[in-house]
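# Coordinate analysis (summary)
For reference, the chains in residue letters:
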Amino acid sequence: MIASLMTLAALWAGYFHFIRAKAPGGPQKIPLGFETFTSRPIGNPPEGQPWVTDLLIVDLDGDGLKDVLICEGRLNKVSWIRQTKLGVFVEEQIGTAVAGPAHLEVADLNGDGHLDVLVASMGVIPPSNAKTGSVVVLVNDGRNHFTNRVLLENVARVTYVAAADFNKDGRLDLIVGQFGYLQGEIRWMENLGDWKFQSHSLLDLPGTIHAPVADMNGDGNLDVVALVSQDSEEVHYFEGDGAGHFRDRVIYGSMNKDYGSSGLSIADINGDGRPDIAYTNGDGFDYATPGARPWHGVQWLENLGAGKFAFHRVGDFPGCYSPVVVDLNRDGHPDIVACSGFNDWNNKSAVSLMCFENDGTNHFIPRPLAHEPTHLIVVKAADMFNDGRIELVTGAFLFYPPYDRASRVTLWEQKK
């Protein structure tokens, strides 16, 4: 699940101090490059080598300030980095231990008006065939206290969970991705009420990383798009009928068994009103030593309507993870931000954080944002301070040396 970066300094020379003037009558564009952001750690200091497997930006307590939730896979815990006032963050663990937490989502699962925290639990982070996976919800009592409740257990390692009403009965169901190892699955869990769920299998393959939910074809019914790695290296489109039935189609697949699928998100990239798919391939978790893989990078699948998608390569970025579609430079065109988890960090010019700038015609220009900290496996974007500027938050997964430019959770603020 993690990757190796090749040297990019020569390729991106000349991009570092990019400045473009404001177009007449158009939005003000900010320059993108190494000078764009300042960074600072938030939350508690690291305990050993951090394994931040996922993070989520959300106003968990409803006070109008955005917080950060994180999974720590090595420490088996979920933490809330709470913004107590603008720019001030305090961290606390929520719930009790969760074994190998890998993914976070929030939803009011029991309908009491408070956001609960859904956690995909792998049990163990390194590859394993053991049935150690589970789905855990941290139930919010509305007073910032969270209680663990297990909704699924003793299954192949779970890497994704999200809530959505797939059968339109008014109850939030679950989509669950089980990476497993040699065996895995995608299922949806029908909410029967009173914390009871019935599982329905959608796919019997290992390697699911993400399985976000959206109405991809505009028919009013929720669909699922899943990135499946391992031997498949495919993007699956599960078209929902609104009654809990799904039709599975592979809308992209690589013949390269070492393709390294690593992340997927859904957003309207070209502004045509249809949700597109951004995804990364940069996994290097199984590599004996870090190294460049020329096929690693970012791509998007353009939603053409009627269930058809067109593949577009965005750009090369070995070892990349966590595609985020966001208008980072405020020019009205969605850009794509990604980070790199596994690179040759002995090379000081290796890039750890990148923005692929959309030039307005859906061509993307690589703008390196940072060389350090290193080992960044997840990045999210939001207006953290309600001032119209986009901030980034990254999490580090330090699985192999060197550790000389290490971090845990980092907040990236745009310079004024």
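Throughout this description, residue numbers start from 1 for each chain and increase along the sequence as written. For a predicted model such as this one, the threshold for reporting local features is a pLDDT of at least 70, and the threshold for listing and counting side-chain atom pairs is 80 or more; totals across whole chains, interfaces and linings nevertheless cover every residue. Think of the side-chain values as coming from all heavy atoms in the structure, minus any hydrogens and water.

### A few points about the pairing of strand β21 (residues 297-305)
Most of β21 sits out of view: eight of its nine residues are buried. Each pair of strands is called paired provided DSSP finds at least two bridges between the two strands. Working definition: helices are DSSP H or I runs of at least four residues, strands are E runs of at least two. Numbering for both runs from the N terminus. Here strand β20 (residues 276-281) pairs with β21 via five bridges, running antiparallel. Across the sheet, Ala-278 pairs through a bridge with Trp-300, a residue of β21. In terms of strand pairing, β21 meets strand β22 (residues 308-316) through eight bridges, oriented antiparallel. Note on β22: the bridge partner recorded for Leu-301 is Phe-311. Two successive antiparallel strands, β21 and β22, enclose a turn made up of two residues, where Ala-306 displays a positive phi of approximately 60°. For every residue, the accessible area (1.4 Å probe, protein chains only) is compared with the maximum for its type, and the residue is labelled buried under 20%, exposed over 50%, or partly exposed between those bounds.

### Let's talk about the packing of aromatic side chains
By convention here, two paired aromatic rings are described through the distance between centres and the angle between planes. Only Phe, Tyr and Trp rings take part, Trp by its six-membered ring, and two of them pair if their centres are within 6.5 Å. Stacked means planes under 30 degrees apart, edge-to-face means over 60, and tilted covers everything else. Summed over all chains, the structure comprises 14 aromatic pairs. Between Trp-80 and Phe-146, the ring centres sit 6.1 Å apart and the planes meet at 80°, which makes this aromatic pair edge-to-face. With a gap of 66 residues between them, Trp-80 in strand β4 (residues 77-85) and Phe-146 in strand β9 (residues 146-155) connect regions that are remote in the sequence. Residue classification places Trp-80 among the buried positions, given a relative accessible area of 0%. Grouping aromatic residues by their ring pairs yields a cluster made of Trp-51, Phe-342, Phe-397, Phe-399 and Tyr-400.

### Section: the sheet that holds strand β1 (residues 37-41)
Through backbone hydrogen bonds, the strands of a sheet pair up, either in parallel or in antiparallel fashion. Taken in spatial order, the four strands of this open sheet run β1-β29-β28-β27, and their pairing is antiparallel. Looking along the sheet, the strands with just one partner apiece sit at the ends: β1 and β27 (376-382). In this sheet, neighbouring strand axes are inclined to one another by 25° on average, regardless of whether the strands run parallel or antiparallel. In terms of strand pairing, β1 meets strand β29 (residues 409-414) through five bridges, oriented antiparallel. Bridging from a neighbouring strand, Phe-37 pairs with Gln-414 of β29. Here an axis means a line fitted to C-alpha atoms, over the contact stretch when the element is a helix, while the angle between two N-to-C directions is reported on a 0 to 180 degree scale.

### Let's talk about unusual backbone geometry
Each neighbour pair has its own omega, and for Glu-372 with Pro-373 the value is 0°, a cis peptide bond. Turning to its location among the elements, Pro-373 is positioned in the loop between β26 (364-370) and β27. Of note, the phi angle at Trp-195 is positive, near 65°, even though the residue is not glycine. Relative to the assigned elements, Trp-195 resides in the loop between β12 (185-193) and β13 (196-203).

### Quick look at the pattern of salt bridges
Note on definitions: salt bridges are taken to be side-chain nitrogens of Lys or Arg within 4 Å of carboxyl oxygens of Asp or Glu. Under the counting rule described, the total for this entry stands at 20 salt bridges. Measuring nitrogen to oxygen at the nearest pair gives 2.7 Å for the salt bridge that ties Arg-82 to Asp-61. Here the residue Arg-82 occupies a position in strand β4, and Asp-61 occupies one in the loop between β2 (52-58) and β3 (67-72), the gap between them amounting to 21 residues. Residues Arg-293 and Asp-258 are paired through a salt bridge, measuring 3.9 Å at the closest nitrogen-oxygen approach. Of the two residues, Arg-293 sits in the loop between β20 and β21 while Asp-258 sits in the loop between β18 (246-253) and β19 (261-267), which places them 35 residues apart along the sequence. Using a relative accessible area of 32% as the deciding quantity, one classes Asp-258 as partly exposed. Within the structure, one salt-bridge network assembled from shared partners comprises Glu-72, Glu-91 and Arg-408.

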